[in-house]
Amino acid sequence: MQAQFRKLSMGDRVVIVAPSSPVGDPVALRRGTKLLATRYRVTVPATVFARNGLFAGADRTRLRTLGNAIEDPKTRAIFTARGGHGATRLLSGMGWEGWYADRIPLVGFSDVTAIHMAALALAGVATVHGPSVTSISSQPRGYVDHLFRLLEEPGYDFGPPPARLWSLQQGRAVGNLVGGNLTIIDQLVGTPYLPDLAGCILVLEDVNEAPYRIDRMLTHLRNAGTIDRIAGLVMGSFHRCRPRTDGVTVDQVVQDHLASLRVPALAGMPLGHGRRNWAFVQGARVELRCQEKGRSATLAAAPH
């Protein structure tokens, strides 16, 4: 499942789409667009500002905008305005064959995990889990530079984050880095839009979910056989996933599942809904090394 996309060059045309919720912060969108425009020719379709109840326009509108961006031979990358809710509603209507030939990267996170997973499963196309347009301008310069390197630099598909990573379970693994939002991955179980995770190093993050709900989703993934054969686990930010009155934390929930999964695992990866969102290419080949629980861990590009 070593997937790739065609790298960008300065001045390439990129398109912003809104496949999920309405844009709630037009100022942040403008700032992100301005930042992207320092390197690329940015197109912002009018439909990005649409609103239809929970979504950034009707399903058919969002689907058409995304499809047009994929099929336009001038498009070199697609950036998502934000996450939210609604991307899963588009999956059955998308023409995935449009991605086979040109292999253009799509950048985003959160709800956009649905499109990341489907592109990998159905078209074998690598996409980039990274900041949305509304959040990119709030990222540290090093995080933004890293994203541009992923998109533009040949041979650069992963770089370790400038953050302390610590071990949840000891071990070493090499595999393809795949994942994103836990809630979305859980929703894709039983559909054709979730790639086979066997041998992968699974990345998980989430927001506003109580620990008991995290446990419910991890239990479902295990009961469905979805994560039985993963090679390793990388925990990103579980932002505002606070304990309830029982006092049980997300860390405790994850540790309980690791006892059965028996794979190397680390925490502290600065990606997801927290203040920092370190980008990675879906399907990048990486090496995970974890010392004893609580000690340091590393995640690096796998040696060739």
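Values in this document were obtained by computation on a predicted structure and should not be read as measured data.

The rules behind each value
Residues numbered from 1 in each chain as written. Predicted model: local features only at pLDDT ≥ 70, side-chain atom pairs only at ≥ 80, totals over all residues. Heavy atoms only, no water. Helix = DSSP H or I, 4+ residues; strand = E, 2+ residues; numbered from the N terminus. Rg over C-alpha atoms; globule rule 2.2 N^0.38 Å. Buried < 20%, exposed > 50% of the residue type's maximum accessible area, 1.4 Å probe, protein only. Contact = heavy atoms within 4.5 Å. Areas by Shrake-Rupley, 256 points an atom, 1.4 Å probe, with all protein chains shown as cover. Lys, Arg positive; Asp, Glu negative; His and termini not counted. Charge placed at Lys NZ, Arg CZ, Asp CG, Glu CD. Core = buried A, V, L, I, M, F, W, Y, C linked by side-chain atoms within 4.5 Å. Polar contact = N/O pair within 3.5 Å; in protein donor to acceptor, adjacent residues only side chain to side chain. Pairing = 2+ DSSP bridges. Axes fitted to C-alpha atoms, helices over the stretch in contact; angles between N-to-C directions. Expected span 1.5 Å × (residues − 1). Arc of directions from axis to C-beta. Salt bridge = Lys/Arg side-chain N within 4 Å of Asp/Glu carboxyl O. Parallel < 35°, antiparallel > 145°, perpendicular 65-115°, else oblique. Left-handed = near helix turned anticlockwise from the far one by under 90°.

Undergrad: Explanation requested: the overall build of the protein chain in the structure shown.
TA: Each helix and strand counted, the protein chain has nine helices and 13 strands in total. Against the 2.2 N^0.38 benchmark of 19 Å for 304 residues, the protein chain shows a C-alpha radius of gyration of 18 Å, consistent with a compact globule. Projected onto its principal axes, the C-alpha coordinates of the protein chain cover approximately 50 × 45 × 35 Å. Expressed as a percentage of its 304 residues, the buried residues of the protein chain come to 57%. The long-range fraction of contacts in the protein chain, counting pairs at least 24 apart against all pairs at least 6 apart in sequence, stands at 80%. As displayed, the protein chain offers around 12700 Å² of accessible surface, 48% of which is attributable to carbon and sulfur atoms. One way to put it: in the protein chain the 35 positive side-chain charges average out to a point 5 Å from where the 24 negative ones average out.

Undergrad: Where do I start with the nonpolar core in this structure?
TA: Here is a general trend for soluble globular proteins: nonpolar side chains tend to be buried in one another's company. Counting residues in each nonpolar core, the largest one holds 53 residues, and the members touching the most others are W99 and L204. Broken down by element, the residue count for this core peaks at seven residues, all from helix α4 (residues 113-123). Counting residues in hydrophobic clusters, the runner-up holds 48 residues, among them V144, L150, Y156 and I201.

Undergrad: I'm lost on the side chain of E209 in this one. Help?
TA: Relative to the helices and strands, E209 resides in the loop between β8 (201-207) and α8 (211-223). Accessibility expressed as a relative area gives 11% for E209, which makes it buried. There is a polar contact of 2.5 Å between the side chain of E209 and the side chain of R213. If we ignore the near neighbours within four places in the chain, the residues touching E209 are T183, I214, M217, R240 and C241.

Undergrad: What is the right way to read the sheet that holds strand β10 (residues 265-267) from this model?
TA: Each strand in a sheet pairs with another by means of backbone hydrogen bonds, the pair being arranged parallel or else antiparallel. Taken together, the seven strands give an open sheet; going across it, the order is β6-β10-β9-β8-β7-β12-β13, and neighbouring strands pair in mixed fashion. Either end of the sheet is taken by a strand with one partner, and the two such strands are β6 (166-169) and β13 (297-301). Going from strand to strand, the sheet's axes swing by 30 degrees on average, the running direction of each strand aside. Across three bridges, the pairing between β6 and β10 is antiparallel. Within the sheet, the bridge partner assigned to S167 lies in β10 and is L266. Taken strand by strand, helix α9 (residues 250-261) contacts β6, β9 (232-239) and β10, and its axis lies near 50 degrees from that of β6.

Undergrad: Whenever I open this one, α9 confuses me. Can you help?
TA: Turn by turn, an α-helix covers 3.6 residues, leaving residues three or four places apart pointing in a common direction. Helix length check: α9 (12 residues) gives 16 Å between terminal C-alpha atoms against 16 Å at 1.5 Å per residue, within 8%. When α9 is considered as a whole, its buried residues turn out to be V250, V253, V254, H257, L258 and L261. The buried side chains of α9 occupy one side of the element, clustering within an arc of 135 degrees when seen end-on. Summarising the contacts, the buried residues of α9 are in contact with β6, α8, β9 and β10. Downstream of α9 by a residue or two, R262 has a phi angle that is positive, lying close to 55 degrees.

Undergrad: Mind showing me how you'd approach unusual backbone geometry here?
TA: Across the chain, the bulk of peptide bonds are trans and the bulk of non-glycine residues have phi less than zero. Not every positive phi belongs to a glycine, and R240 is a case in point at roughly 60 degrees. Tracing the backbone shows R240 in the loop between β9 and α9. Residue classification places R240 among the partly exposed positions, given a relative accessible area of 41%.

Undergrad: Sorry if this is basic, but what is going on with the pattern of salt bridges here?
TA: Opposite charge on two side chains permits pairing when their charged atoms draw close. Inspection of every chain in the model, using the stated rule, returns 10 salt bridges. Linking D145 and R141 is a salt bridge whose minimum nitrogen-to-oxygen distance equals 3.0 Å. One end of the pair is D145 and the other is R141, both in helix α6 (residues 141-152) and four residues apart, which spans about a single turn. Take D145: its relative accessible area is 36%, and that puts it in the partly exposed class. Of the charged contacts, one joins R289 and E287 as a salt bridge, the two residues approaching to 3.1 Å between their closest N and O atoms. Owing to a relative accessible area of 43%, R289 belongs among the partly exposed residues under this scheme. Residue E287 is classed as buried on the basis of its relative accessible area of 11%. What you see here is one network of salt bridges that share partners, running through D59, R62 and R89.

Undergrad: I would appreciate a short explanation of the packing of α8 against α9 in the present structure.
TA: The relative placement of two packed helices comes down to the angle between their axes together with the axis-to-axis distance. Two elements in contact, α8 and α9, have axes separated by 8 Å at closest approach and are oriented at 20 degrees. Taken together, α8 and α9 sit at an angle that is classed as roughly parallel. For the pair α8 and α9, the crossing hand works out as right-handed. Where α8 approaches α9, its residues P211, I214, D215, L218, T219 and R222 are matched on the opposing element by V250, V253, V254, H257, S260 and L261.

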